[in-house]
Amino acid sequence: HGLEVGINHPKYPDGTVPRQCLVAGNIFAGGSQIVRYVKDDQPGEWQWSDNIFQGKLGIPPLDGMREQDPHLQSPEDGLPLPTARTPVAERPPAKPHMLTEDLNGSHRPSRRTLGALQFSQNLIAPRPLTPEQVGPHAKGLPTN
């Protein structure tokens, strides 16, 4: 699942439905079920804004989540990258301080690319983190 909402927690082994969340500016691609709710319980007071998906959504259609090709390019190593054809957000962020930088720390302009990376001609793909780079015994993050 691209997004599993309310996954099991030791305190709540049967899962619990989160409330009052904003899911904005994402690309969900691939998989047989992109979104899954624990116990099929839809979360309360959630807002969905400027999200696209490609594949089987797995839940009823939502405002703020539309089916569209993300036009990503997949390098040999690293995460899929946006292209000049990747959709941009249709409206400004819900809060001005949100989405000011992408995963690489690059500035996001007012017409921001959907997903974790802002498209530019000089975009460098971040590499997925390794077990040595995360957790209490991490030795440090890679530099691009």
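Whatever comes next refers back to the structure up there.
Thresholds, definitions, all that
- Residues numbered from 1 in each chain as written.
- Predicted model: local features only at pLDDT ≥ 70, side-chain atom pairs only at ≥ 80, totals over all residues.
- Heavy atoms only, no water.
- Pairing = 2+ DSSP bridges.
- Helix = DSSP H or I, 4+ residues; strand = E, 2+ residues; numbered from the N terminus.
- Axes fitted to C-alpha atoms, helices over the stretch in contact; angles between N-to-C directions.
- Salt bridge = Lys/Arg side-chain N within 4 Å of Asp/Glu carboxyl O.
- Buried < 20%, exposed > 50% of the residue type's maximum accessible area, 1.4 Å probe, protein only.
- Core = buried A, V, L, I, M, F, W, Y, C linked by side-chain atoms within 4.5 Å.
- Contact = heavy atoms within 4.5 Å.
- Polar contact = N/O pair within 3.5 Å; in protein donor to acceptor, adjacent residues only side chain to side chain.

Bringing the sheet that holds strand β6 (residues 51-54) into the picture now. The strand order β3-β6-β7 describes an open sheet built from 3 strands, whose pairing is parallel. A single partner strand is all that each edge strand has here, and the edge strands are β3 (27-29) and β7 (65-67). Each adjacent strand pair in this sheet contributes to an overall mean axis angle of 25°, direction not counted. Summarising the sheet, β6 and β7 pair through 3 bridges and their orientation is parallel. Paired with Ile52 across the strands is Arg66, a residue of β7.

Bringing the pattern of salt bridges into the picture now. One pass over the structure, following the stated rule, counts 2 salt bridges. Arg36 is the salt-bridge partner of Glu4, the closest N and O atoms lying 2.7 Å from each other. One end of the pair, Glu4, is in strand β1 (residues 3-5); the other, Arg36, is in strand β4 (residues 35-37), with 32 residues separating them in the sequence. What makes Glu4 partly exposed here is its relative accessible area of 35%. The closest approach of N and O atoms between Glu45 and Arg19, which form a salt bridge, is 2.6 Å. Pair noted here: Glu45 is in the loop between β4 and β5 (47-49) and Arg19 is in the loop between β1 and β2 (22-24), with a separation of 26 residues, a long-range link.

Moving on, we get to the pairing of β6. Of the pairings in the sheet, the one linking β3 to β6 comprises 3 bridges and is parallel in character. Bridge pairing in β6 places Phe28 opposite Phe53.

In this section: the nonpolar core. Membership of the largest hydrophobic core comes to 13 residues, with the highest contact counts inside it found for Val35, Tyr37, Trp48 and Met65. Apart from the residues lying within four places of it in its own chain, the contact partners of Trp48 are Leu3, Val23, Val35, Tyr37, Leu62, Asp63, Gly64 and Met65.

We now examine the environment of Gly6. Following the sequence through the fold, Gly6 ends up in the loop between β1 and β2. Residues Gly6 and Pro43 lie 37 residues apart in sequence; the distance between their C-alpha atoms is 8.3 Å.

Now for the side chain of Thr83. Among the secondary structure elements, Thr83 is positioned in the segment after β9 (81-82). Of note is the side chain of Thr83, whose polar atom sits 2.7 Å from the backbone oxygen of His71. Contacts of Thr83, omitting those with residues within four sequence positions, involve His71, Leu72, Gln73 and Phe119.

Moving on, we come to unusual backbone geometry. Notably, Gln20 is not glycine yet its phi reads approximately 55°, a positive angle. Within the secondary structure, Gln20 is located in the loop between β1 and β2. Its relative accessible area of 61% is what places Gln20 among the exposed residues. In this structure, Glu45 takes a positive phi of about 55° despite not being glycine.

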